[in-house]
Amino acid sequence: MKTWYKLFISFSLLLLLLCLSFGVIAAVSFFKDLYFPNMMSFEQARPFHVSAALFWILTAATGLIMYYKQELFGDAPMYHKLSPFYIGTWVFAVAAILLSYCFQQFGGREYWEFPPVWNLLLLVAWVYLLISFFGTLFRSGKEKPVYVWMWGTGLLFFLFTFTEQNLWHIAWFRESFLKEMTIQWKSNGSMVGAWNQMVYGLGLFLMVKISGDKEIARSKKAYFSYFLGLTNLIFNWGHHIYNIPTAGWVRGVSYTISMTEWVLVISIIQGFKSKLTEQRKFKHLLSYRLLIASEFWVFMNLLLALLMSVPAINRYTHGTHVTVAHAMGTTIGINTMILLASITFLFEADKEKKPAYRRNFAIGFWITQISLFAFWVFLIAAGLIKGMKMTASPSAPFTELMQNVYPVLKLFMYSGFVLFAGMSVLVIQLLSKAAGQLSTTDDSATN
Amino acid sequence: MVKRIFAVLLLAYICYSAFIYAYGAEGGAKPTADAVAGQSVWQSKNCQACHQLYGLGGYMGPDLTNIISDTIKGPVYAEAFIRSGTARMPNFHLSDQEVKELVAFLTWVDKSGKSRVPAENVTWYGSYKIDKQ
């Protein structure tokens, strides 16, 4: 079965490549009237990019969780048999979704831009996954460290939020546009929290593996962060819709709960010194470097998110590219770095001795980090320019407004090209490792 | 202990969700049949990839939440764009019925509130006070 998971994880890397490619295409098509008037339209390129990003994260995270679930708890035969169903149904659904876009079939909702019928397949796949995961877990009497809780929480809450995202099919949930928007963004906001649980759980697990220190995942601090994350998942989605005339307490609850995340900022600052010592010990490991990069991005994006969670500041950032900086900063800087770190560890790239391999990896790593920083800063700058202008003169014509933003967005696009190059190097290095491992694995031995 | 805290939070999630569904977003007009059909057109053409409603969506085009009640723009102006597109917005070759439905959808959206929050609605502790429409 392990070979299947590894293949599934390699598939996720292909999705990441697709996501990066369509990011470049979407950026150019944003300026299509300037460059290539006949190229693919933005509303067609963007869904490829967004869905590939979403499925890269979900596929990699679930693939890694299933792999390590088997390693930690073994596999009860019945639940074991469900995994291929999950993998098969999921891959089929993802392929069907991408194919729909080729035929310009859209579902037109944020994150879920594909025809909703494919949600049924995704749901079936997810149920297989849940049965297989929890079935194995409940049969095992072993103690469950915090990362297992995080994986389980992420998997379960993804099901809840995914279901909630589809409630709009029932007319009652569209009784008013306020209700429609509120529930749509409640579920979208919490869903991100759900996949963060899976990904952060994988990050913690990797740290335990690298350091050999099991206490990291049993400490009070670890459990505290887990529950703080879960509380924020439940209550802190309102910042998406501060400007919608919902009941005032929706805003109040979200604003208040989001401020609890300052605790994390303080804890990161306090832990900085011990991180330096830790870093000296493990910096030769490629996976550790990616993990440390993710911690840097956690810090930066946490600060940005905390500011955006204050409605008075949100007034300038909402409806601008600052939200894109937040979305991309977290999905690339945090989720993707942690997942790539886990995959680097899994495919044993850390053990690679060839200098050329390590050099290419390091080049890819640094190009990625530096260009991502520029990318993130340009997005924030573009957003702030638009936000300031829009707030100062709300009735200014859109084209005029955007003339001020385009130069910065172009810089964003150029840094995106470099980011594409850097990340592609990393992904290709990992795919080459995956290919090496898969070709030498005797499946009957590892099954 | 961990199990207990988890159970409490799970319960909180369920209760808070139910509460939001029931009381979080009360008020606002019901959609007409045309508005419901218009939302399907909006979704199937993926207008949200470029446009925002209440600031949410893609940023290639402008926010359309209050275009219908805009005293300068209004429904006729919106219809002209929807019918023919521009250099940056595709022409979707929509039927008269689809255009009418899209305008009905945008009218329903507009009636639900204002996308921009005026400065006087910001409270001293940094939150908003927004009155219902």
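Residues numbered from 1 in each chain as written. Chains lettered and ligands numbered in written order. Predicted model: local features only at pLDDT ≥ 70, side-chain atom pairs only at ≥ 80, totals over all residues. Heavy atoms only, no water.

(A) Quick peek at the overall build of chain B. Each helix and strand in chain B was counted, giving 4 helices and 2 strands. Start at the N end of chain B and walk to the C end: the helices and strands fall as α-α-β-β-α-α. Taken against the 2.2 N^0.38 rule, which gives 14 Å for 133 residues, the C-alpha radius of gyration of chain B at 19 Å runs more than 25% over that of a compact globule. Taken along its principal axes, the extent of the C-alpha atoms in chain B is 60 × 35 × 30 Å. The buried share among the 133 residues of chain B stands at 47%. (Helix = DSSP H or I, 4+ residues; strand = E, 2+ residues; numbered from the N terminus. Rg over C-alpha atoms; globule rule 2.2 N^0.38 Å. Buried < 20%, exposed > 50% of the residue type's maximum accessible area, 1.4 Å probe, protein only.)

(B) Fine view of the nonpolar core. Core analysis: the biggest nonpolar cluster contains 177 residues, and Phe55(A), Trp56(A), Trp90(A) and Trp126(A) have the highest contact counts within it. Here Phe55(A) is in contact with Leu15(A), Ala60(A), Trp90(A), Val94(A), Ile97(A), Phe114(A) and Leu122(A), once residues within four sequence places are set aside. Tyr242(A), Val310(A), Val117(B) and Tyr128(B) belong to the second-largest nonpolar core, a separate cluster that totals 5 residues. (Core = buried A, V, L, I, M, F, W, Y, C linked by side-chain atoms within 4.5 Å. Contact = heavy atoms within 4.5 Å.)

(C) Looking closely at the packing of helix H6 (residues 177-211) of chain A against helix H7 (residues 220-235) of chain A. Residue and element names in this part refer to chain A. One can describe the packing of H6 onto H7 by two numbers: an axis separation of 8 Å at closest approach and a directional angle of 160 degrees. Here H6 lies roughly antiparallel to H7, going by the angle between them. Classified by chirality, the crossing of H7 by H6 is left-handed. Residues Ser190, Gly193, Ala194 and Gln197 of H6 form the contact with H7, whose participating residues are Tyr226, Gly229, Leu230 and Leu233. For the contact of H6 with H7, the class distribution of residues is 4 nonpolar, 4 polar and no charged. (Axes fitted to C-alpha atoms, helices over the stretch in contact; angles between N-to-C directions. Parallel < 35°, antiparallel > 145°, perpendicular 65-115°, else oblique. Left-handed = near helix turned anticlockwise from the far one by under 90°. Nonpolar A, V, L, I, M, F, W, Y, C, P; charged D, E, K, R; others polar.)

(D) Region of interest: the interface of chain B and chain A. Between chain B and chain A, the residue contacts involve 65 residues of the former and 76 residues of the latter. Summing the contributions of chain B and of chain A, the shared interface buries around 6,100 Å²; its carbon and sulfur component is 64%. Per-residue buried area on chain B facing chain A is highest for Tyr13(B), Tyr21(B) and Tyr59(B); these three make up 14% of the total on that side. Between the two partners, chain B and chain A, sit 0 salt bridges. It is helix H1 (residues 2-24) of chain B that provides the largest number of residues to the side of chain B that touches chain A, a total of 15 residues. (Buried area = accessible area lost by both parts, 1.4 Å probe. Salt bridge = Lys/Arg side-chain N within 4 Å of Asp/Glu carboxyl O.)

(E) Molecular detail of the pattern of salt bridges. Residue and element names in this part refer to chain A. For the structure shown, the criterion picks out 13 salt bridges over all chains. Ionic pairing is found between Glu164 and Lys186, a salt bridge with its closest N-O pair at 2.8 Å. Taken together, the positions of Glu164 in helix H5 (residues 146-165) and Lys186 in helix H6 put the pair 22 residues apart, joining distant regions of the chain. For the pair Glu164 and Lys186, a shared accessibility class is recorded, and that class is buried. With its nearest N and O atoms 3.2 Å apart, the salt bridge here joins Glu295 to Lys275. In this pair, Glu295 is assigned in helix H11 (residues 286-308) and Lys275 in helix H10 (residues 272-282), connecting sequence segments 20 residues apart. You can call Glu295 partly exposed: its relative accessible area is 32%.

(F) Spotlight on the environment of Tyr242(A). All names here are of chain A. Checked against the element boundaries, Tyr242 lands in the loop between H7 and helix H8 (248-258). Owing to a relative accessible area of 1%, Tyr242 belongs among the buried residues under this scheme. For the pair Tyr242 and Ser309, spaced 67 residues apart in sequence, the C-alpha to C-alpha distance is 9.0 Å.

(G) Summary view of the environment of Leu230(A). As for its position among the elements, Leu230(A) is in helix H7. Separated by 37 residues in the primary sequence, Leu230(A) and Gly193(A) have C-alpha atoms spaced 7.5 Å apart. Aside from chain neighbours lying at most four places away, what touches Leu230(A) is Thr153(A), Phe157(A), Gln197(A), Phe6(B) and Leu9(B).

(H) Examining the environment of Asn119(A) more closely. Residue and element names in this part refer to chain A. Structurally, Asn119 can be placed in helix H4 (residues 118-139). Relative accessible area serves as the criterion here: at 7%, Asn119 is assigned to the buried category. Between the alpha carbons of Asn119 and Ile97 there is a distance of 9.5 Å; along the sequence they are 22 residues apart. Excluding residues that lie within four positions of it along the chain, Asn119 makes contacts with Trp112, Phe114, Phe162 and Asn166.

(I) Highlighting the packing of H6(A) against H1(B). It is at 10 Å that the axes of H6(A) and H1(B) come closest, and there the two elements cross at 160 degrees. For the element pair H6(A) / H1(B), the angle class is roughly antiparallel. Residues Lys179(A), Thr182(A), Ile183(A) and Lys186(A) of H6(A) touch H1(B), and the partners they reach there are Tyr13(B), Ser17(B), Ile20(B) and Tyr21(B). Its residues placed into classes, the contact of H6(A) with H1(B) shows 4 nonpolar, 2 polar and 2 charged.

(J) Spotlight on the confidence of the model for chain B. Residue and element names in this part refer to chain B. On average, chain B scores 92 in pLDDT, and the residues at 70 or more come to 98%. The secondary structure element of chain B with the lowest average pLDDT is H1, at 94, and the one with the highest is helix H2 (residues 33-44), at 97. With pTM at 0.95, the complex prediction returns an ipTM value of 0.94. (pLDDT = per-residue confidence, 0-100.)

(K) Here's a closer look at helix H2 (residues 42-73) of chain A. Taking 1.5 Å per residue, 32 residues should reach 46 Å; H2(A) reaches 46 Å between its end C-alpha atoms and fits that length. Most of H2(A) sits inside the fold, with 30 of its 32 residues counted as buried. (Expected span 1.5 Å × (residues − 1).)

(L) Spatial organisation of unusual backbone geometry. Even without glycine at this site, Gln104(A) takes up a positive phi of about 55 degrees. Structurally, Gln104(A) can be placed in the loop between helix H3 (77-102) and H4. Even without being a glycine, Tyr54(B) presents a positive backbone phi close to 55 degrees. Looking at the secondary structure, you find Tyr54(B) in the loop between strand E1 (52-53) and strand E2 (56-57).

(M) The arrangement of the side chain of Gln437(A) in detail. All names here are of chain A. Secondary-structure assignment places Gln437 in helix H16 (residues 406-440). Relative accessible area serves as the criterion here: at 12%, Gln437 is assigned to the buried category. Side-chain polar atoms of Gln437 contact the side chain of Lys6, separated by 2.6 Å. Once residues lying within four places of it in the same chain are set aside, the contact partners of Gln437 are Lys6, Leu346, Phe347 and Glu348. (Polar contact = N/O pair within 3.5 Å; in protein donor to acceptor, adjacent residues only side chain to side chain.)

(N) Here's a closer look at the packing of aromatic side chains. Residue and element names in this part refer to chain A. In total, this model carries 54 aromatic pairs over all chains according to the counting rule given. A connected cluster of aromatic rings, assembled from ring pairs, spans Phe8, Phe55, Tyr86, Trp90, Trp112, Phe114, Trp126, Phe158 and Phe162. Taking NZ or CZ as reference, Lys433 lies 5.4 Å from the ring centre of Tyr357, over its face. (Phe/Tyr/Trp six-rings, centres within 6.5 Å; stacked < 30°, edge-to-face > 60°. Lys NZ or Arg CZ within 6 Å of the ring centre and 35° of its normal.)

(O) A look at the confidence of the model for chain A. When pLDDT is averaged across chain A, the result is 91; 98% of the residues are at 70 or more. Low confidence marks residues 443-447 of chain A, where pLDDT is under 50. Its contacts with residues over four positions away, or in another chain, come to 8 contacts.

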